[in-house]
Amino acid sequence: GAVVSQHPSWVICKSGTSVKIECRSLDFQATTMFWYRQFPKQSLMLMATSNEGSKATYEQGVEKDKFLINHASLTLSTLTVTSAHPEDSSFYICSAQTRYRGGGIMASNQPQHFGDGTRLSIL
Amino acid sequence: AQSVTQLGSHVSVSEGALVLLRCNYSSSVPPYLFWYVQYPNQGLQLLLKYTSAATLVKGINGFEAEFKKSETSFHLTKPSAHMSDAAEYFCAVSLALTDKLIFGTGTRLQVFP
């Protein structure tokens, strides 16, 4: 089945540090990747959607300058939390999907495949 | 706007008992519905999805869900719980497979021996 690898799985760093999280699709081309944030015992909230080679689309309330997303290839997207502070501590999960152009629109016949998440702790 | 409501943040069952996790949705158009499972410190694994084909959807690990338009429900069931089923379960809705997923608040399933 489709495999999405996320790295690192756990990171602890000091306040003010920038942290980069990688999301890789190992056995398929991910034209679209999604980044979610999950607080303890809560649901997933979509942060942004990125299409390969394009700028990410951020959800309302998500600071694009704070959470930098790069999707430069069909197998890799990165999320960089810049100048992280304790309130940025959370569980970050990526997902990936293959889309194709059909009838002038982007379509897909596959659901999103999720990585195992990255637990970020800012001291 | 679309939304899902998961009734019961915690469900406890005995091993071998029926599992029933409830999900109701709200959507102005025919929805796509999903059930995901999350084990501690892991991402989400797709259990099953409804994409307007058969209303009874069979998934992995013996789970199934039935889409009931009249009740706007998509409850997840499993005839006999295993200890390994203990996890967090999320119901999600989207307009299409390419649309963003809207997740419910999750239901934690505990299975007792």
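Scroll up a little and you will see the structure.
Residues numbered from 1 in each chain as written. Chains lettered and ligands numbered in written order. Predicted model: local features only at pLDDT ≥ 70, side-chain atom pairs only at ≥ 80, totals over all residues. Heavy atoms only, no water.

Engineer: Any chance you could explain the pattern of salt bridges here in plain terms?
Structural biologist: Note on pairing: side chains with opposite charge can pair once their charged atoms come close. Residue and element names in this part refer to chain B. Per the stated rule, a full pass over the model turns up 6 salt bridges over all chains. With its nearest N and O atoms 2.7 Å apart, the salt bridge here joins K58 to E64. The shortest N-O distance in the salt bridge between K78 and D85 comes to 2.9 Å. (Salt bridge = Lys/Arg side-chain N within 4 Å of Asp/Glu carboxyl O.)

Engineer: In this structure, what is going on with the sheet that holds strand β6 (residues 56–58) of chain B? I would like to understand it.
Structural biologist: Across a sheet, paired strands are connected by hydrogen bonds in the backbone, their directions being either parallel or antiparallel. Residues and elements named next belong to chain B. If you walk across this open sheet you meet the 5 strands as β1-β3-β8-β7-β6, and the pairing is antiparallel. Where the open sheet ends on each side, the last strands, each with one partner, are β1 (3–7) and β6. Taking each pair of neighbouring strands and ignoring which way they run, the sheet shows an average axis angle of 20 degrees. Note that β6 and strand β7 (residues 64–68) share 3 bridges and pair antiparallel. Paired with V57 across the strands is A65, a residue of β7. (Pairing = 2+ DSSP bridges. Helix = DSSP H or I, 4+ residues; strand = E, 2+ residues; numbered from the N terminus. Axes fitted to C-alpha atoms, helices over the stretch in contact; angles between N-to-C directions.)

Engineer: Sorry, what's going on with the nonpolar core here?
Structural biologist: A general feature of soluble globular proteins is that nonpolar side chains tend to end up buried together. Residue and element names in this part refer to chain B. In terms of nonpolar packing, the biggest core is built from 26 residues, with W35, L48, F74, L76 and Y89 touching the most fellow members. Of all the secondary-structure elements, those providing two or more residues to this core are β2 (10–14), β3 (19–26), β4 (32–38), β5 (44–50), β7, β8 (73–78), β9 (87–94) and β11 (107–112). Not counting residues within four places of it along the chain, the set of residues in contact with L48 comprises L33, F34, W35, V57, K58, G59, F63, E64, A65, F74 and L76. (Core = buried A, V, L, I, M, F, W, Y, C linked by side-chain atoms within 4.5 Å. Buried < 20%, exposed > 50% of the residue type's maximum accessible area, 1.4 Å probe, protein only. Contact = heavy atoms within 4.5 Å.)

Engineer: I'm lost on the interface of chain B and chain A in this one. Help?
Structural biologist: A common measure of how large an interface is: the accessible area buried when the components associate. Taken together, the contact between chain B and chain A spans 18 residues of the former and 24 residues of the latter. For the pair chain B and chain A, the two sides together bury roughly 1,600 Å², of which 55% comes from carbon and sulfur. Summed over the three residues of chain B that lose the most area to chain A, namely N41(B), L97(B) and T98(B), the buried surface amounts to 32% of that side. There are 1 salt bridge connecting chain B and chain A. (Buried area = accessible area lost by both parts, 1.4 Å probe.)

Engineer: Would you take a moment to explain the sheet that holds strand β8 (residues 76–81) of chain A for this structure?
Structural biologist: Residue and element names in this part refer to chain A. In spatial order, the strands read β1-β3-β8-β7; together these 4 strands make up an open sheet with antiparallel pairing. Of all strands in the sheet, those with a lone pairing partner are β1 (4–7) and β7 (67–73), marking the two edges. For this sheet, the mean inter-axis angle between neighbouring strands, taken without regard to orientation, is 15 degrees. Pairing between β1 and strand β3 (residues 19–25): 4 bridges, direction antiparallel. Counterpart to S5 in the pairing with β3 is R24.

Engineer: Whenever I open this one, the state of the cysteines confuses me. Can you help?
Structural biologist: By definition, a disulfide is the covalent link that joins the sulfur atoms of two cysteine residues. All names here are of chain A. Inspection of every chain in the model, using the stated rule, returns 2 disulfides over all chains. Residue pairing for C23: its cysteine sulfur links by disulfide to C94, the two sulfurs lying 2.0 Å apart. Its S-S torsion of approximately 80 degrees makes the covalent link between C23 and C94 right-handed. Taken together, the residues C23 in strand β3 and C94 in strand β9 (residues 90–97) connect sequence positions 71 residues apart. (Disulfide = S-S within 2.5 Å.)

Engineer: Is there a simple way to explain unusual backbone geometry in this structure?
Structural biologist: Outside of glycine, negative phi angles account for most residues, and trans bonds account for most peptide bonds. Omega for the peptide link from H7(A) to P8(A) comes to 0 degrees, which places this bond in the cis form. Inspection of the secondary structure assignment puts P8(A) in the loop between β1 and β2 (10–13). With a phi angle near 55 degrees, N41(B) is a residue other than glycine that sits in the positive phi range. Inspection of the secondary structure assignment puts N41(B) in the loop between β4 and β5. The exposure class assigned to N41(B) is partly exposed, which follows from its relative accessible area of 46%. Even without being glycine, T72(B) reaches a positive phi, approximately 45 degrees.

The analysis is restricted to geometry; functional conclusions fall outside its scope.
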